[in-house]
Every structure is written in C-alpha cells, then in structure tokens.
Amino acid sequence: MENKMKLHWENVYNEKNENEVSWYQKVPNISLDIIKSLDLNLNSKIIDIGAGESRLVDNLLDLGFNNIDVLDISKKSIEKAQKRLGLKSDKINWIVSDINDFKPDEKYDLWHDRAAFHFLKDPVQINNYVVLANSSLNNNGKIVLGTFSSNGPLKCSGLEVSRYNQKSVSNVFSKCFTLLNYQHSNHPTPFDTTQEFLFSVLSKK
Ligand SMILES: C[S@@+](CC[C@H](N)C(=O)[O-])C[C@H]1O[C@@H](n2cnc3c(N)ncnc32)[C@H](O)[C@@H]1O
C-alpha cells in the first residue's frame, strides 16, 4: 500500500510539469497570509508536510524564515523543488518520507500541510497523524491545514480524499489541538475549474 502510494506520487512528478497538476499555485497566498498572521519569528522552526513542488518554501525564505524543513513522499518532487531553488536549496532541510513513517529529530513551531493530510482515509492513520503532529510541535505550536472542504472534490490526483468541515476538523484533532480559526477558499486550478478548500489553524493544547 505504502509503496503503491510512493509509486503514484513519483509517477505524477515524473510525468507532469509544475503547472500541470490541479493543486498548482504560483503563490500560495492563503497559506502565506495565515502564516504571517501567526506569532512566529524568523527562527521559528517550520515544516511543510507533503510539500511537493509547492512554492511556499521560496516565499518563506523570501520572508526571512531560516529554519525550514520540507517533507514529501516523492523524491522526484523534492529534486524538482531543489532545482528550482538553486543555491538557496542549501538553506532547507529536505526530507523524503511517507508521513506515516516520519520520525522527526526535533520539534517544530509550525506544521503546514496543504492537500496532503486529506489523502489519509484510514482512521488509524488519521489518528497517528494527529498524535505525530502533537508530539512534533513545541508548546504553543500551530498547524495550518488545508484540506478539501465538504463542498470540495471527492478525489485529488485520482485518489479518494477525506473532506472536512469546521466541525469534523475540530473533532479529528480535538484530543491534542484546539481549532483557532478557519476559512474557506476557492482554488482556481490550471484547468479552469475551482476546488473549495478549508484552511484551519489548530493550536496545540
Ligand atoms: C495535492 S499535492 C499538494 C502539494 C503541496 N502541498 C501544494 O500545496 O502544492 C499532495 C502532496 O502530498 C504528497 N503526499 C501524499 N501522500 C503523502 C504521504 N503519505 N507522505 C508524505 N507526502 C505525501 C504528494 O507527494 C504530493 O506532493
């Protein structure tokens, strides 16, 4: 199962250009606006989970953040992001790992995940993710989570996803996190369609 998923994502990043996938954003504005609104400093330790080729990391570097980890199951996606960043890629700690197997060596202040968590369908894996995020965050640590909303598509990259609303996000994370706020956003895909996302900010209890 795990290998099947890795293969799926390696194929995606081998076969498609950055702007040929539905989740492409030239600038991840919602994530950036939320991150800027949080009480972080430039040394805050940030991880982008399932980052793929996202340009969030470029923007975080431009803002001056200097303690950034980028994780993805796909080695190819990481290689493409590294190539795009050129010399700046040396400033990033790159991690190729399935989130289900991730064992961080240090703690984070911010855990960002746009459209990776929503691929988890198994309640055990979902619970493990919540426990992992909790144990990986410092006191006061936050999650910025972008998932498809309950009005969003049933699938992403051909794979079924879990869709969330304010109540279900709050419930799923309630053991360890408080939902601080949330917003909906319509993501325009490169294929002239829109996808409704729910962005949630969760604070470690
Ligand atoms: C829909 S893309 C979103 C990419 C990026 N977050 C963005 O907003 O542009 C989902 C990403 O999650 C990664 N991913 C999927 N399942 C994963 C897992 N179990 N562990 C780590 N990464 C995973 C995929 O390789 C892919 O890059």
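Residue positions are given per chain, counting from 1 as you read along its sequence in written order. For this predicted model, a pLDDT threshold of at least 70 governs which residues receive local features, and a threshold of 80 or more governs which side-chain atom pairs are given and counted, while totals over whole chains, interfaces and linings are taken from all residues. For the side-chain quantities, the full set of heavy atoms in the structure was used; hydrogens and water were omitted.

What follows deals with the sheet that holds strand β4 (residues 108-114). Reading across the sheet, the 7 strands line up as β3-β2-β1-β4-β5-β9-β8 and stay open at both edges, with mixed pairing between neighbours. The open sheet terminates on both sides in strands that have one partner only, identified here as β3 (92-96) and β8 (177-188). In this sheet, neighbouring strand axes are inclined to one another by 15° on average, regardless of whether the strands run parallel or antiparallel. Pairing of strand β2 (residues 68-72) with β3, which is carried by 5 bridges, proceeds in the parallel orientation. Along β3, the bridge assignment pairs Ile-68 with Ile-92. In this scheme, strands are said to pair when DSSP sees at least two bridges between them. Elements are defined by DSSP. Helices are runs of H or I of four residues or more, strands are runs of E of two residues or more, and each kind is numbered from the N terminus. In this description, a line fitted to the C-alpha atoms serves as the axis of each element, helices being fitted only across the stretch in contact, and the angle between N-to-C directions of two axes falls anywhere from 0 to 180 degrees.

Salt bridges are identified by distance alone: a Lys or Arg side-chain nitrogen within 4 Å of an Asp or Glu carboxyl oxygen. Overall, the coordinates contain 9 salt bridges when judged by the stated rule. Between Glu-18 and Arg-84 there is a salt bridge, with its nearest N and O atoms 3.9 Å apart. With Glu-18 in the loop between α1 (2-15) and α2 (29-37) and Arg-84 in helix α4 (residues 75-85), the pair connects residues that are 66 residues apart, well separated along the chain. Measuring nitrogen to oxygen at the nearest pair gives 3.0 Å for the salt bridge that ties Asp-69 to Lys-45. With Asp-69 in strand β2 and Lys-45 in the loop between α2 and β1 (46-49), the pair connects residues that are 24 residues apart, well separated along the chain. Note on accessibility: Asp-69 and Lys-45 belong to one class, buried. Because the salt bridges share partners, they merge into one network encompassing Glu-18, Arg-55, Asp-58 and Arg-84. Working definition: with a 1.4 Å probe on protein chains only, accessible area under 20% of the residue-type maximum means buried, over 50% means exposed, and in between means partly exposed.

Judged by which residues are buried, β1 turns out to be covered on both faces: Ile-46 and Asp-48 on one side and Ile-47 and Ile-49 on the other are all buried. In this sheet, β2 lies alongside β1 in parallel orientation, the contact comprising 4 bridges. Across the sheet, the residue bridging to Ile-47 is Asp-69, located in β2. In terms of strand pairing, β1 meets β4 through 4 bridges, oriented parallel. Its bridge partner being in β4, Ile-46 is matched across the sheet by Leu-110.

Turning to the packing of aromatic side chains, a few remarks are in order. When two rings of Phe, Tyr or Trp (its six-membered ring) have centres within 6.5 Å they constitute a pair, described as stacked for plane angles under 30 degrees, edge-to-face for angles over 60, and tilted for the intermediate range. Using the criterion set out here, one finds 12 aromatic pairs in the structure. Ring centres of Phe-117 and Phe-173 lie 5.3 Å apart, and the angle between their planes is 55°; this geometry places the pair in the tilted category. In this pair, Phe-117 sits in the loop between β4 and α5 (123-136) while Phe-173 sits in helix α6 (residues 166-173), placing the two residues 56 residues apart along the sequence. Assessed through its relative accessible area of 0%, Phe-117 is described here as buried. Judged by centre distance (5.1 Å) and plane angle (80°), the ring pair of Phe-148 and Phe-197 falls under edge-to-face.

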